[in-house]
Amino acid sequence: MVKHIVMWNVKGQTLLERRVAALDIKHRFERLKGVVPGLLYLEVGIDISGVDYACDMVLYTEFDSEASLKAYATHPDHLAIRQELGDVRIARYQVDYSSEAS
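On a predicted model such as this, the values are computed, not experimentally measured, just so you know. (Residues numbered from 1 in each chain as written. Predicted model: local features only at pLDDT ≥ 70, side-chain atom pairs only at ≥ 80, totals over all residues. Heavy atoms only, no water.)

A. Highlighting the packing of aromatic side chains. Taken as a whole and judged by the stated rule, the model has three aromatic pairs. Centre to centre, the rings of Phe63 and Tyr72 are 5.0 Å apart; their planes meet at 50 degrees, and the pair counts as tilted. Looking at Phe63, the relative accessible area reads 0%, which means it is buried. By relative accessible area, Tyr72 is classed as buried at 1%. (Phe/Tyr/Trp six-rings, centres within 6.5 Å; stacked < 30°, edge-to-face > 60°. Buried < 20%, exposed > 50% of the residue type's maximum accessible area, 1.4 Å probe, protein only.)

B. Region of interest: the packing of helix H1 (residues 15–30) against helix H3 (residues 76–85). Where H1 contacts H3, the axes come no closer than 10 Å and their chain directions differ by 170 degrees. By the angle between their directions, the pair H1 and H3 is classed as roughly antiparallel. The interaxial crossing formed by H1 with H3 has right-handed handedness. Residues Ile25, Arg28 and Phe29 of H1 lie in contact with H3, whose contacting residues are His78, Ile81, Glu84 and Leu85. Residues belonging to the contact of H1 with H3 are distributed by class as follows: four nonpolar, one polar and two charged. (Axes fitted to C-alpha atoms, helices over the stretch in contact; angles between N-to-C directions. Helix = DSSP H or I, 4+ residues; strand = E, 2+ residues; numbered from the N terminus. Parallel < 35°, antiparallel > 145°, perpendicular 65-115°, else oblique. Left-handed = near helix turned anticlockwise from the far one by under 90°. Contact = heavy atoms within 4.5 Å. Nonpolar A, V, L, I, M, F, W, Y, C, P; charged D, E, K, R; others polar.)

Given below as structure tokens:
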């Protein structure tokens, strides 16, 4: 199994503006459930800590293989979401790992 974790900061002058942007992104990614082959699990969380060093949101996904993760990266529905995000995303951090390789 391969885990793919992405954290973002999103645009917004206020906490409310950032939360609205994060909720929009969350709903877009949740539409990928059951659509992308090999995607076993998908969860999107929005930060509740409010600390200044936290990211605004996180995407946690599990794939059945590295090949499925690579296919996800080029899947048309995933690419559409990435394009829709446009300037909403201001920072992005990512970690991909296999629990078998740890």
